[in-house]
Amino acid sequence: MATKRDYYEILGVSKSASVDEIKKAYRKLALEWHPDRNKAAGANEKFKEINEAYAVVSDTKKREQYDQFGHAAFSREAGSGSAGQQGPFGQGPFSYSWSSSGGSPFGADFEQTIDPFDIFEQFFGGGFSQRQTRARREVYEITIDFLEAVRGVTKEVHIPRGRAGEGSVKKTIKIPAGVDTGSRIRFDDFDIVVSVRPDKQFKREGNDLIIDQEISYTQAALGSVVSVPTIDGTLSIRIQPGTQPGTLIRLHGKGVTHIRGSGRGDQYVRIQLTIPTHLSRRQKELLEELSRD
């Protein structure tokens, strides 16, 4: 039986390659060997080989297993020994995806999905890219801003029609509030996978949001009212006297809309203390007096 080629060799990367380097190499090879583009004999098998390699080395846990055990980590036989154990991934290298689906009030089935075999992309402008699933269903990728993701947005996109060169058809799509990177929306005859640009101010953790709010030493010690940003606009909150750096103030219901149901997450304001770099003589005297108390 022929020996399987090394996955790193197949992708043309080193064993120390970063995730971005692996993904870049995969995209290049996938575009070159995809059967819809490459009609050479053996292109289909080559494409499957590339996908198999990428499915393993792009995943941290599977990559660790492969680096330690090689191809034996994924063989069906690896788990059929007398001890009755199974290999670390049970069914071999082609069972690495999960998805969940359910009804959506937006007229489309909404899915969260991870599938290493759906990475194939052909960019054709406008931040919108086409991908082919194994079932031949058209899948497109769209990149939107953070606030568009948390508030929801309607976009006009151009869907390729027929074969390359036959033009496109314009469609209006509604992206529901609460989507995140990796969210997948199913429409009548195509799917859309969402990618969200990060925001400089808001950090998202599930449906909760976190922002850092700087206050002065005086505000922390004596208490104050400060204005903080939310995705609904500016909100005034009270800082209690004696507030310590790192304190989290919870704003109930000011987070991201739950995509599968009603309600919203919370927003947390993390207090950061601003230390002045230049003090007047009087300010120094006052601080010295305070330190002696």
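Structure: see above.
Values in this document were obtained by computation on a predicted structure and should not be read as measured data.

## Considerations on the nonpolar core
Point 1. Of all hydrophobic cores here, the largest spans 33 residues; its most connected members are Ile142, Ile144, Ile173, Ile175, Val194, Ile237 and Val269.
Point 2. At four residues, the largest contribution of residues to this core is made by strand 9 (residues 190-196).
Point 3. Residues contacting isoleucine 144, with those up to four places away along its chain left out, are Ala149, Lys155, Ile175, Val179, Val194, Ser195, Val196 and Arg197.
Point 4. Listed in part, the 20 residues of the second largest apolar core include Ile10, Val13, Ile22 and Tyr26.

## Side note on the pairing of strand 11 (residues 208-216)
Point 1. Bridge count for strand 10 (residues 203-205) against strand 11 is three bridges, and the pairing is antiparallel. Residue pairing across strands places arginine 204 opposite leucine 209, the latter belonging to strand 11.
Point 2. Of the strand pairs in this sheet, strand 11 and strand 15 (residues 267-274) are connected by eight bridges, and their pairing is parallel. When the bridges of strand 15 are listed, serine 216 appears paired with threonine 274.

## Comments concerning the pattern of salt bridges
Opposite charge on two side chains makes pairing possible when the charged atoms of those side chains draw close.
Point 1. Applying the stated rule across the entire model yields 16 salt bridges.
Point 2. A salt bridge links aspartate 145 to arginine 197; the shortest N-O distance between them is 2.6 Å. Taken together, the residues span a long stretch of sequence, with aspartate 145 in the loop between strand 5 (138-144) and helix 5 (146-151) and arginine 197 in the loop between strand 9 and strand 10 at a distance of 52 residues.
Point 3. Judged by relative accessible area, which is 36%, aspartate 145 ranks as partly exposed.
Point 4. Take arginine 197: its relative accessible area is 40%, and that puts it in the partly exposed class.
Point 5. Salt-bridge contacts for aspartate 180 lead to arginine 204; the nearest nitrogen and oxygen are separated by 3.7 Å. Taken together, the residues span a long stretch of sequence, with aspartate 180 in the loop between strand 7 (168-175) and strand 8 (183-186) and arginine 204 in strand 10 at a distance of 24 residues.
Point 6. Take aspartate 180: its relative accessible area is 30%, and that puts it in the partly exposed class.
Point 7. Taken together, the salt bridges that share partners define one network made up of Arg5, Glu9, Lys46 and Glu49.

## Focus: the packing of aromatic side chains
Point 1. Under the counting rule described, the total for this entry stands at six aromatic pairs.
Point 2. Ring geometry for tyrosine 8 versus tyrosine 66: centroids 6.0 Å apart, planes at 45 degrees, classification tilted. You can see tyrosine 8 sitting in helix 1 (residues 7-11) and its partner tyrosine 66 sitting in helix 4 (residues 60-69), a full 58 residues away along the chain. Here the two residues tyrosine 8 and tyrosine 66 agree in accessibility, since each one is buried.
Point 3. Between phenylalanine 146 and phenylalanine 202, the aromatic rings sit 5.9 Å apart at their centres with planes inclined by 10 degrees, giving stacked as the arrangement. With phenylalanine 146 in helix 5 and phenylalanine 202 in the loop between strand 9 and strand 10, the pair connects residues that are 56 residues apart, well separated along the chain.
Point 4. For phenylalanine 202, a relative accessible area of 7% puts it in the buried group.
Point 5. Site record: aromatic cluster; members linked through ring pairs are Tyr7, Tyr8 and Tyr66.
Point 6. Taking NZ or CZ as reference, lysine 46 lies 5.6 Å from the ring centre of tryptophan 33, over its face.

## A look at the environment of isoleucine 159
Point 1. Along the chain, the position of isoleucine 159 falls in strand 6 (residues 153-160).
Point 2. When its relative accessible area of 5% is taken as the criterion, isoleucine 159 is described as buried.
Point 3. For the pair isoleucine 159 and glutamate 138, spaced 21 residues apart in sequence, the C-alpha separation works out to 9.6 Å.

## Section: the sheet that holds strand 15
Point 1. Here four strands make up an open sheet; going across it, the order is 10-11-15-14 and the pairing mixed. Every other strand in the sheet has two partners, leaving strand 10 and strand 14 (248-251) as the edge strands with one partner each. The mean inter-strand angle of the sheet, taken between neighbouring strand axes irrespective of direction, is 30 degrees.

What counts as what
- Residues numbered from 1 in each chain as written.
- Predicted model: local features only at pLDDT ≥ 70, side-chain atom pairs only at ≥ 80, totals over all residues.
- Heavy atoms only, no water.
- Core = buried A, V, L, I, M, F, W, Y, C linked by side-chain atoms within 4.5 Å.
- Buried < 20%, exposed > 50% of the residue type's maximum accessible area, 1.4 Å probe, protein only.
- Helix = DSSP H or I, 4+ residues; strand = E, 2+ residues; numbered from the N terminus.
- Contact = heavy atoms within 4.5 Å.
- Pairing = 2+ DSSP bridges.
- Salt bridge = Lys/Arg side-chain N within 4 Å of Asp/Glu carboxyl O.
- Phe/Tyr/Trp six-rings, centres within 6.5 Å; stacked < 30°, edge-to-face > 60°.
- Lys NZ or Arg CZ within 6 Å of the ring centre and 35° of its normal.
- Axes fitted to C-alpha atoms, helices over the stretch in contact; angles between N-to-C directions.

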